[in-house]
Amino acid sequence: MRIMQHANHARWRIGTWSRRCEGRSGPPKQGWTARRTTRKDTWIELTHGPARQETSRRRRQRDAVACEAMQGGSWASEMTEESPLDTARAILFYITTTLLAIPLFVSMLIMHPFVLMLDKYKRWAQHFVNNVWANLTTSLFFRIQVIGRENLPPKGQPVVYVANHQSYLDIYTLFALWRPFKFISKTSNFLIPIVGWSMYLTGHIGLKRMDRRSQLDCLKTCGEMLQRGASVLFFPEGTRSDTGEMGDFRKGAFSVAKKAKVPVVPITLVGTGRLMPNGKEGVLRKGSVKMIVHPSIDPNKDADEMCKEAQEVIISSLHQ
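The present account deals with the structure reproduced in this document. This one's a predicted model, so the numbers in the text were calculated from it and none came from an experiment. (Residues numbered from 1 in each chain as written. Predicted model: local features only at pLDDT ≥ 70, side-chain atom pairs only at ≥ 80, totals over all residues. Heavy atoms only, no water.)

### Points about the packing of helix H7 (residues 212-227) against helix H8 (residues 252-260)
The contact between H7 and H8 brings their axes to 10 Å, and the two run at 40 degrees. One element, H7, and the other, H8, form an angle in the oblique class. Of the two possible hands of crossing, H7 and H8 adopt the one that is right-handed. Facing Leu 219, Cys 222, Gly 223, Leu 226 and Gln 227 of H7, the residues of H8 in contact are Gly 252, Val 256, Lys 259 and Ala 260. Its residues assigned to classes, the contact of H7 with H8 shows five nonpolar, three polar and one charged. (Axes fitted to C-alpha atoms, helices over the stretch in contact; angles between N-to-C directions. Helix = DSSP H or I, 4+ residues; strand = E, 2+ residues; numbered from the N terminus. Parallel < 35°, antiparallel > 145°, perpendicular 65-115°, else oblique. Left-handed = near helix turned anticlockwise from the far one by under 90°. Contact = heavy atoms within 4.5 Å. Nonpolar A, V, L, I, M, F, W, Y, C, P; charged D, E, K, R; others polar.)

This is the structure we're talking about:
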């Protein structure tokens, strides 16, 4: 009897996984539901009654893995397990980056009046401090491998950098280029103590995402920065990926590059989403990150053509 019950339960679990993957969860037929006994042999018994909500973390994780396997999955299925060490590592990461930022922010404050007088738009000195801060932080927690550094333009040449977006760690990783650029961030991020204020001093560009006027002003500011010799970084997807699969690119970055007549440099970020997935900024896993710099795209091409070419070249090396 026990063997038959065990087999029935196994069939019910597979059916439940299937229904969940299809968006239809519910109790098995005839109101039967499963519960785990407290016995050490962990035999499963069937009891008649209303379906109980599954609250076990391990059970939810097992269901998630099953759904991913049935749907073909992605690297998201590898991230169902979160150890306390991953959480502790993330806490140490934030403490370290904040402690490093404080003295560096003070140095930025001191040099800011001189930067405004001598280098109002590029602000290379401020960006150098950003580079030191980000690279010191990441060097203590994960390794960044840069491939294709020879494809970077000369330091004084303004370009539009475009990259895929997976994680909070993407900006930290891109500072490993050791090239000055302005990136776009939500205006609320500039209010974050120390880090947000540093972004403001460096001249990064604020954006209200749901405000159409703000979006147009942002693109205009990016164009002005390029005309004055400062490079700009875009994430053309517009948001971070939850699964590692790249979304469609928006044309704004390429229209700006076309109008300013500057080349577009596509960059593929590999592994940041595994280390710190989007929506799980309280987790930092062990591992390394790869950044691939591709040859620049000629600005004489049409904006749609540049957008398509950049998306194809970035996605071609995304799963290396």
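### Points about the packing of aromatic side chains
To describe a pair of aromatic rings, one takes the distance between the centres and the angle between the planes. According to the stated counting rule, one finds eleven aromatic pairs in the structure shown. Ring centres of Phe 93 and Phe 141 lie 5.4 Å apart, and the angle between their planes is 75 degrees; on these two criteria the pair is classed as edge-to-face. Separated by 48 residues along the polypeptide, Phe 93 in helix H3 (residues 84-118) and Phe 141 in the loop between helix H4 (124-139) and strand E3 (143-147) bring together distant segments of the chain. With respect to class, Phe 93 is no different from Phe 141; both count as buried. Ring-pair connections join several aromatic residues into one group, and the members of that group are Phe 93, Tyr 94, Trp 133, Phe 141, Tyr 168 and Tyr 172. Of note, Arg 228 hangs over the ring of Tyr 121, and the distance from its end group to the ring centre comes to 4.2 Å. (Phe/Tyr/Trp six-rings, centres within 6.5 Å; stacked < 30°, edge-to-face > 60°. Buried < 20%, exposed > 50% of the residue type's maximum accessible area, 1.4 Å probe, protein only. Lys NZ or Arg CZ within 6 Å of the ring centre and 35° of its normal.)

### Description of H8
For H8, the complete set of buried residues consists of Ala 253, Phe 254, Val 256, Ala 257 and Ala 260. For H8, the angular spread of buried residues about the axis comes to 155 degrees, placing them on one side. (Arc of directions from axis to C-beta.)

### Description of the pairing of strand E9 (residues 288-293)
As defined by bridge partners, E3 adjoins E9 across five bridges and the pair is classed as parallel. Bridge pairing in E9 links Gln 145 to Lys 290. In this sheet, E9 lies alongside strand E8 (residues 264-270) in antiparallel orientation, the contact comprising four bridges. Counted as the bridge partner of Ile 267 is Val 293 from E9. (Pairing = 2+ DSSP bridges.)

### Considerations on the pairing of E8
Moving residue by residue along a regular strand, the side chains alternate between the two faces of the sheet. Counting buried residues in E8 gives seven out of seven residues, a clear majority hidden from the surface. One ladder, built from four bridges, connects strand E4 (residues 160-163) with E8; its direction is parallel. Each bridged residue has a counterpart across the sheet, and for Val 160 the counterpart in E8 is Val 264.

### Some thoughts on unusual backbone geometry
Glycine aside, a negative phi is what most residues show, and trans is what most peptide bonds show. Although it is not a glycine, Trp 178 sits at a positive phi angle of roughly 55 degrees. Residue placement: Trp 178 occurs in the loop between helix H5 (169-174) and strand E5 (182-186). The backbone of Lys 261 shows a phi angle near 60 degrees, a positive value even though the residue is not glycine. As for its position among the elements, Lys 261 is in the loop between H8 and E8.

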